[in-house]
Structure formats: C-alpha cells, structure tokens
Amino acid sequence: MLVSQHAALSALAALTAAPLVKNKANLGLFWAAAVGQDVDHYLWHALKFHNPSLRDAYSFFRSRYGKAWHERGLRKEDARALHGPLPLAFAVALALADRRLAPIAAGMAFHGLLDALQERVITPATYHVARPALGTVGPPRPVERGEAERAA
Ligand SMILES: [Zn+2]
C-alpha cells in the first residue's frame, strides 16, 4: 500500500476512534506509527543503493507498486524489516510493559492489517483489471504464451 494511502486510511481510523480516546495525543502516536512503519523501505533503499534520496526511494518503490513480488526484482523480505511479526510482537510486549506505548503497537498492527488487505485481497482482485490499464505486464500476451509452450 502506498504511504499516502496509509496516511489517509490511518487518519480515518484515528478520527473514527477519537470519541473513544481520552488522550488525543495517542491518536497522533497511532497515526505516526501506522504511517512511519514504512520507513524500513526507505532505509533499505538508502543502504542497498548508498543513496539517501527520499525521492529516489519513493520512485523505486512506486515503479514496483501493484506488481507481484517476482516482478518487482525484490524478495518479499527485502525492505520490510519492520513489517514482520517479530517487530509487532516486540511493540506489543513493550506496550504491555508500558501502556503509553499501546498507540504505537496499535498503529503498527493497523499498518500490517492494511498491507495484508492490499497483498491478499486488493492486489489479487484487481490484478487482471488494473494492470493492463496501468501499462504494466498484465496477463501474458499470445506471443508470450506461445513461447512458454515451446519452452515446455
Ligand atoms: Zn507497509
């Protein structure tokens, strides 16, 4: 999911929860964690390419958005140091020890939920519809199918 989508949907979630939350600063922490978790993508890009440019990192990942992992030139575990279950478990453990950290753990969990929805529901559901319109790979063309049959 794009950072802008995380920002918008996390803001919507924070605003929805606002009437139930006494300390409104917690909404800001929730939002910052829910959006900031993608900093691992930037750090990965900066370290891998020795390039601290946020613009270049954004372009790199934006050009791969909506593609299957094997088409991105990335392994799924690349650039996702904060996206696994261990960072979330660590955040939850910290939140259990200190409740002031609970909005951060909740934000990370919400981020993970949005990413899972994107990867497991939205991208598969729109794969054959959106990809040709976006000018990306899309379903195999007849020529590619013929080449695949000859290779088999
Ligand atoms: Zn993410």
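Scope of this entry: the structure provided in the associated data block. (Residues numbered from 1 in each chain as written. Predicted model: local features only at pLDDT ≥ 70, side-chain atom pairs only at ≥ 80, totals over all residues.)

## Details of the overall build of the chain
Formally: Strands are runs of DSSP state E lasting at least two residues, helices are runs of H or I lasting at least four, and both sets are numbered from the N terminus onward. Counting other C-beta atoms within 10 Å of its own, a residue is labelled buried from 20 upward, exposed at 12 or fewer, and partly exposed in the gap between, with every C-beta atom placed from the backbone. Each residue is represented by a C-beta atom placed from its backbone, and any two residues with such atoms within 7 Å are regarded as in contact.
Each helix and strand in the chain was counted, giving eight helices and zero strands. Mapped in sequence order, the helices and strands of the chain form the string α-α-α-α-α-α-α-α. Counting every position in the chain, which comprises 152 residues, the buried fraction comes to 18%. Sequence-distant contacts in the chain: of pairs separated by 6 or more residues, those separated by 24 or more amount to 61%.

## Thoughts on helix H1 (residues 3-17)
For clarity, the cut-off: Multiplying 1.5 Å by the helix residue count minus one yields the expected span of that helix. This arc describes the spread of directions from the helix axis toward the C-beta atoms.
Here H1 contains 15 residues, and its C-alpha end-to-end distance of 21 Å stays within 8% of the 21 Å for a straight helix at 1.5 Å per residue. Along H1, the residues classified as buried are His6, Ser10 and Ala14. For H1, the angular spread of the buried residues around the axis is 60°, confining them to a single face. For H1, exposure combined with an orientation more than 90 degrees from the buried face picks out Ser4, Ala8, Leu12, Leu15 and Thr16.

## A word on the environment of Pro85
The residue Pro85 is located in helix H6 (residues 85-97) in this model. Overall, Pro85 belongs to the exposed group, with 9 C-beta atoms counted inside 10 Å.

## Brief notes about the packing of H1 against helix H2 (residues 25-36)
This is how it is decided: Here the axes come from fitting lines to C-alpha atoms, over the contacting stretch only for helices, and the angles between their N-to-C directions go from 0 to 180 degrees. In these notes the angle categories are as follows: under 35 degrees is roughly parallel, over 145 is roughly antiparallel, 65 to 115 is roughly perpendicular, and the rest is oblique. Crossings are sorted by hand: turned counterclockwise from the far helix by less than a right angle, the near helix makes the crossing left-handed, and turned clockwise it makes it right-handed. Nonpolar residues are Ala, Val, Leu, Ile, Met, Phe, Trp, Tyr, Cys and Pro. Charged residues are Asp, Glu, Lys and Arg, and all others, Gly as well, are polar.
At a minimum axis separation of 9 Å, H1 and H2 run at an interaxial angle of 155°. Between H1 and H2, the interaxial angle falls into the category roughly antiparallel. Along this stretch, H1 crosses H2, giving a crossing that reads as right-handed. Residues Val3, His6, Ala7, Ser10, Ala11, Ala14 and Ala17 of H1 pack against Leu27, Phe30, Trp31, Ala34 and Val35 of H2. Along the lines of polarity and charge, the residues of the contact of H1 with H2 split into ten nonpolar, two polar and no charged.

## With respect to the packing of helix H3 (residues 39-48) against helix H4 (residues 54-62)
One way to put it is that H3 packs onto H4 with a least axis distance of 9 Å and a crossing angle of 105°. In terms of their interaxial angle, H3 and H4 are classed as roughly perpendicular. Note on element contacts: H4 touches H3 through Leu54, Ala57, Phe60 and Phe61, opposite His41, Tyr42, His45 and Ala46. The residue inventory of the contact of H3 with H4, partitioned by class, reads six nonpolar, two polar and no charged.

## Here we look at the environment of Gly84
One can find Gly84 in the loop between helix H5 (69-72) and H6. On the basis of neighbour count, Gly84 is assigned to the exposed category, with 12 C-beta atoms found within 10 Å. Spatially, the C-alpha atoms of Gly84 and Gly112 are 8.5 Å apart, while their sequence positions differ by 28 residues.

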